[in-house]
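Results of the structural survey
So the chains spell out like this:
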2 protein chains.
Amino acid sequence: MTSEDLLAVLAAMGHGQRLRILAELAAGRMYVSELARRLGISRPLLYMHLERLEKAGLVLGNLELSESGKALKYFELAPFDLHLNIRTIRAALAADTDRHSDMQGNPR
Amino acid sequence: MTSEDLLAVLAAMGHGQRLRILAELAAGRMYVSELARRLGISRPLLYMHLERLEKAGLVLGNLELSESGKALKYFELAPFDLHLNIRTIRAALAADTDRHSDMQGNPR
DNA sequence: AAAGCATGTAAGTGAAGACTTACAGATGCC
DNA sequence: GGCATCTGTAAGTCTTCACTTACATGCTTT
């Protein structure tokens, strides 16, 4: 995990609304409009938050067709469990510089 | 831990410079000017970041007098280890509403 | 056809955050 | 005294973020 990944997660979570979105999705998958109604926020705003959460890998979006044929975009929680301590931070920062070195992934 | 506390930590950590500050302090306590030189950032900027980290409880500042009598503000890492998952998030949000109920801490 | 509900995006506004330059006060050393 | 080094803060700029309003599109049901 690079520091970029770590930062994406931290920044995504570091916001009240998005914390509430995650908590709401813990109850189960839900499509956007329904989620917006439950949280009492506007849909475009929710969209922005969901985008950010998805980029951080915390939620997963999926456009589906209901039985009646109506398009619904379902979001669900992605499983995550990050041990946030100084060790994790140092490892993430170290991973950045390591990307410059060769022979990673497929060393002979 | 309330969501306010959690958000303070997440928002404080969700920034590259501050992540680097924490990593640098992992090597040991250091005073502000020295830390600024090591990181290559301006002192006022570092100040702002340290303030934020301190409010989140991630670092600890202490103004001391050196042997020669010069004032130095030392910062050190506060031990932290946060398990970041959906359970923690829900617990934090739940703690918010619980603050309105009585008999917490010392229930008879 | 019209109304209802869904997705998706664009444009604009207002507030918060990140950063710089600058200045003031205090002490130690030459 | 004058220079170096440290702390602390104020003011100003600039960008990013959060949020609203509005509009275009598509399918369903009445």
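Residues numbered from 1 in each chain as written. Chains lettered and ligands numbered in written order. Predicted model: local features only at pLDDT ≥ 70, side-chain atom pairs only at ≥ 80, totals over all residues. Heavy atoms only, no water.

Each copy superposes on the other: chain B lies on chain A with an RMSD of 0.0 Å after a rotation of 180° and an axial shift of 0.0 Å. On the angle and the small slide along the axis, the relation comes out as a two-fold axis. When you check the interface residues of chain B against chain A, 100% turn up at the interface there too, and the contact is symmetric in its surfaces. (Least-squares fit on C-alpha atoms with pLDDT ≥ 70 in both. Contact = heavy atoms within 4.5 Å.)

Further remarks concern the UniProt feature "domain: HTH arsR-type" (unreviewed entry) in chain A. Mapped onto this numbering, the UniProt entry gives "domain: HTH arsR-type" (unreviewed entry) at residues 8-91 of chain A. Taken end to end, residues 8-91 of chain A is 51% helix and 25% strand, and its first and last C-alpha atoms sit 15 Å apart. (UniProt positions renumbered as here; feature names shortened; annotations may be inferred. Helix = DSSP H or I, 4+ residues; strand = E, 2+ residues; numbered from the N terminus.)

With that settled, consider helix H4 (residues 43-55) of chain B. All names here are of chain B. For H4, built from 13 residues, the straight-helix expectation of 18 Å at 1.5 Å per residue is met to within 8% by its first-to-last C-alpha distance of 18 Å. Of the residues making up H4, those classed as buried are Leu46, His49, Leu50 and Leu53. When H4 is viewed along its axis, its buried side chains cluster within an angular range of 100° and face the same direction. Residues Pro44, Met48 and Lys55 are exposed on H4 and point more than 90 degrees away from its buried face. The secondary structure elements touched by the buried residues of H4 are helix H1 (3-13), helix H2 (16-25), helix H3 (32-39), strand S2 (59-65) and strand S3 (71-77). Among the residues trailing H4, glycine 57 stands out with phi positive, at a value near 80°. (Expected span 1.5 Å × (residues − 1). Buried < 20%, exposed > 50% of the residue type's maximum accessible area, 1.4 Å probe, protein only. Arc of directions from axis to C-beta.)

All right, on to the interface of chain B and chain A then. Taken together, the contact pairs 24 residues of chain B with 24 residues of chain A. Across the interface of chain B and chain A, roughly 2200 Å² is buried in total on both sides, 78% from carbon and sulfur atoms. It is Leu19(B), Leu84(B) and Ile86(B) that lose the most area in chain B upon contact with chain A, and together they represent 25% of the buried surface on that side. Across the contact surface, chain B and chain A share 0 salt bridges. There are 7 residue pairs in polar contact (both at pLDDT 80 or more) connecting chain B and chain A. Secondary-structure elements contributing two or more residues to the side of chain B that touches chain A are H1, H2, strand S4 (81-85) and helix H5 (86-98) of chain B. Residues of the side of chain B that touches chain A, tallied by class, amount to 16 nonpolar, 5 polar and 3 charged. Summarising the sheet, strand S4 (residues 81-85) of chain A and S4(B) pair through 5 bridges and their orientation is antiparallel. (Buried area = accessible area lost by both parts, 1.4 Å probe. Salt bridge = Lys/Arg side-chain N within 4 Å of Asp/Glu carboxyl O. Polar contact = N/O pair within 3.5 Å; in protein donor to acceptor, adjacent residues only side chain to side chain. Nonpolar A, V, L, I, M, F, W, Y, C, P; charged D, E, K, R; others polar. Pairing = 2+ DSSP bridges.)

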